[in-house]
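Residue-level structure breakdown
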Number of protein chains: 2
Amino acid sequence: MSKSTGFYSQPKHLVAVDCVVFGYEDDELKLLLYNRDLEPAKGSTSLVGGFVQEDESIEDAARRVLLEITGLENIFLEQVSAFSEVSRDLAERVISIAFAALIRVDEYNHELVKKMGAYWVPVKEVPQLIFDHNQMVDNALEFLQKKSSYDLTGKELLPDKFTLTELRLLYEAIFQRPFDPGNFRKKILSLNLLERLNEKDRQSSKKGAFYYQFKKNEEITIGDRIFKIH
Amino acid sequence: MSKSTGFYSQPKHLVAVDCVVFGYEDDELKLLLYNRDLEPAKGSTSLVGGFVQEDESIEDAARRVLLEITGLENIFLEQVSAFSEVSRDLAERVISIAFAALIRVDEYNHELVKKMGAYWVPVKEVPQLIFDHNQMVDNALEFLQKKSSYDLTGKELLPDKFTLTELRLLYEAIFQRPFDPGNFRKKILSLNLLERLNEKDRQSSKKGAFYYQFKKNEEITIGDRIFKIH
DNA sequence: CCAAAAGTGTTCGAACTACACCCATGA
DNA sequence: TCATGGGTGTAGTTCGAACACTTTTGG
């Protein structure tokens with residue numbers, strides 16, 4: 001084991017980041033996974049991740065990993081928690097920080113993702129993952145639910161314009177439960193964060209549903225939780 | 001810089017834990033600080049912390065540090081977040097995980113704390129701390145407020161028996177705002193987590209206030225947030 | 001015309017706020 | 001007896017849950 005050769009005489013550790021990447025497609029919440037291409041457990045299913053380098057923070061490392069896999073910059077990214085059981089990695093001791101990331105499926109580079117061997121899996125069908133990655137997924141989903149309770153998620157997962165039904169379906173996917181359409185609509189509009197466009201989506205209904213978009217410059221953090229709606 | 005000599009060929013890092021230790025005394029929320037006894041910045045004010053060793057998880061490391069300083073085991077301890085800016089430590093690159101800890105002042109070893117050079121400071125008077133420790137304090141306080149919104153904090157900070165006024169004062173200290181005494185009382189009792197003892201505190205009022213204690217075996221996690229009370 | 005989704009309105013009840021008011025007792 | 005904190009009661013309001021109802025339009 002390596003003791004530091006620098007100022008502090010203390011053990012050093014491998015530090016990794018693992019990203020729980022959420023996307024929303026076909027009315028479903030999905031996760032970006034890939035088949036591990038290095039030993040140990042080569043070929044088994046894993047979150048996307050990588051090791052923290054000397055010249056980068058953990059957030060930088062997570063951003064770098066996501067850029068390499070999706071071609072996207074400026075991804076929504078937030079720390080979930082650190083995992084550090086001594087034997088969590090089968091090969092060597094690795095401390096890993098789990099991140100939650102939100103991806104807009106209309107923006108990421110589909111070819112790049114495919115080339116990197118990554119693929120989307122519905123959160124309801126996440127397979128057995130390597131190490132403690134299933135735990136990371138659970139924590140990240142809980143994180144997403146809390147965030148969505150306070151912050152009106154949608155900007156990060158939906159296209160620029162979307163109908164209120166689409167937003168509701170997203171929330172139903174996140175919380176894994178139905179919301180009353182009428183109540184949902186009223187609650188959302190009362191927040192005053194969206195503006196209606198003079199354009200309708202005509203795909204999903206005969207009447208047509210107005211598109212909405214997030215208002216610019218409304219970085220309001222809502223003091224209280226948004227969602228108690230059933 | 002040391003590349004791993006083990007399985008993975010990747011850089012290794014110093015990893016530390018820093019504990020934001022909350023205590024409650026004299027109707028005030030306090031933090032346990034100490035004057036740093038090693039360079040760099042020897043003598044400046046700091047959170048209690050230490051380096052993660054090879055055979056321990058970060059939680060183990062935090063527990064070890066707290067045991068060394070307070071003599072207590074089984075302290076409430078939870079991860080807040082990781083800090084990893086490359087130059088956050090003046091001497092060498094250190095990734096640190098901040099923890100929030102809750103201490104009952106009637107339990108910790110006062111002499112030991114004194115001997116270790118640690119001391120309590122009211123949260124409202126926290127001085128300039130080393131590195132990014134003030135940020136850690138802010139995050140930990142926010143953490144404590146969120147926890148207390150959902151979980152009825154008090155078990156971790158108050159003595160076994162306490163009056164509802166004491167509990168209210170604790171909440172006022174945590175949230176830095178007053179609560180209506182009558183409404184607070186009704187809300188708390190409606191949760192059904194406390195039981196009244198046949199014993200009164202006669203110090204603080206002529207009438208005397210009943211002591212309460214947490215019911216045994218009530219590990220109920222409340223689904224919704226507890227506190228909206230004003 | 002009718003089915004189906006968009007969108008509005010209405011009622012009920014739970015829960016929080018504000019505040020009045022009674023209680024017990026030591027000085 | 002009265003000041004003080006403990007403790008109870010209550011009216012008003014807000015807000016979510018449930019659900020009925022209206023609107024629009026393609027088939």
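Residues numbered from 1 in each chain as written. Chains lettered and ligands numbered in written order. Predicted model: local features only at pLDDT ≥ 70, side-chain atom pairs only at ≥ 80, totals over all residues. Heavy atoms only, no water.

Looking at an unreviewed UniProt entry, one finds chain A named ADP-ribose pyrophosphatase YjhB (NUDIX family) and attributed to Natronoflexus pectinivorans.

For the rest of this paragraph, the subject is the environment of B:Thr153. Residues and elements named next belong to chain B. Mapping Thr 153 onto the fold places it in the loop between helix 3 (133-151) and strand 7 (162-163). A relative accessible area of 0% places Thr 153 in the buried class. Distance from Thr 153 to Ile 95, taken between C-alpha atoms, is 30 Å for residues 58 residues apart in sequence. Ignoring anything within four residues of it in the chain, the contact list for Thr 153 reads Leu 102, Leu 144, Lys 147, Ser 148, Leu 167, Leu 170, Tyr 171 and Ile 174. Separated by 2.7 Å, the side chains of Thr 153 and Ser 148 make a polar contact. (Helix = DSSP H or I, 4+ residues; strand = E, 2+ residues; numbered from the N terminus. Buried < 20%, exposed > 50% of the residue type's maximum accessible area, 1.4 Å probe, protein only. Contact = heavy atoms within 4.5 Å. Polar contact = N/O pair within 3.5 Å; in protein donor to acceptor, adjacent residues only side chain to side chain.)

The subject of this paragraph is the pattern of salt bridges. Residue and element names in this part refer to chain A. The tally for this structure, following the rule as stated, stands at 28 salt bridges over all chains. A salt bridge links Arg 64 to Glu 68; the nearest nitrogen and oxygen atoms lie 3.6 Å apart. You can see Arg 64 and its partner Glu 68 sitting in helix 1 (residues 58-70), four residues apart, about one turn around the helix. Given the relative accessible area of 27%, Arg 64 is considered partly exposed. Owing to a relative accessible area of 40%, Glu 68 belongs among the partly exposed residues under this scheme. (Salt bridge = Lys/Arg side-chain N within 4 Å of Asp/Glu carboxyl O.)

Time to look at the relation of the copies chain B and chain A. When chain B is fitted onto chain A, the two copies agree to an RMSD of 0.1 Å after a turn of 180 degrees and an axial shift of 0.0 Å. The two molecules are tied by a two-fold rotation axis, judged by turn and shift. A shared binding surface is used by both copies, with 98% of the interface residues of chain B retained as interface residues in chain A. (Least-squares fit on C-alpha atoms with pLDDT ≥ 70 in both.)

By convention, interface size is frequently given as the accessible area that disappears when the constituent parts associate. Residues and elements named next belong to chain A. Per the domain assignment, the segments making up chain A are domain 1 (14-149) and domain 2 (160-214). The distance between the C-alpha centroids of domain 1 and domain 2 comes to 29 Å. Tallying the contact residues gives 11 residues for domain 1 and nine residues for domain 2. Of the roughly 870 Å² buried between domain 1 and domain 2, counting both surfaces, carbon and sulfur atoms make up 58%. In this assembly, domain 1 and domain 2 are joined by one salt bridge. (Domains from an automatic or database assignment. Buried area = accessible area lost by both parts, 1.4 Å probe.)

Time to look at helix 3 (residues 133-151) of chain A. Residues and elements named next belong to chain A. When the terminal C-alpha atoms of helix 3 are compared, their 26 Å separation across 19 residues agrees well with the 27 Å that a helix rising 1.5 Å per residue should span. Here helix 3 has its buried residues at His 133, Met 136, Val 137, Ala 140, Leu 141, Phe 143, Leu 144, Lys 147, Ser 148, Ser 149 and Tyr 150. Looking one or two residues beyond helix 3, the residue adopting positive phi is Leu 152, at roughly 45 degrees. (Expected span 1.5 Å × (residues − 1).)

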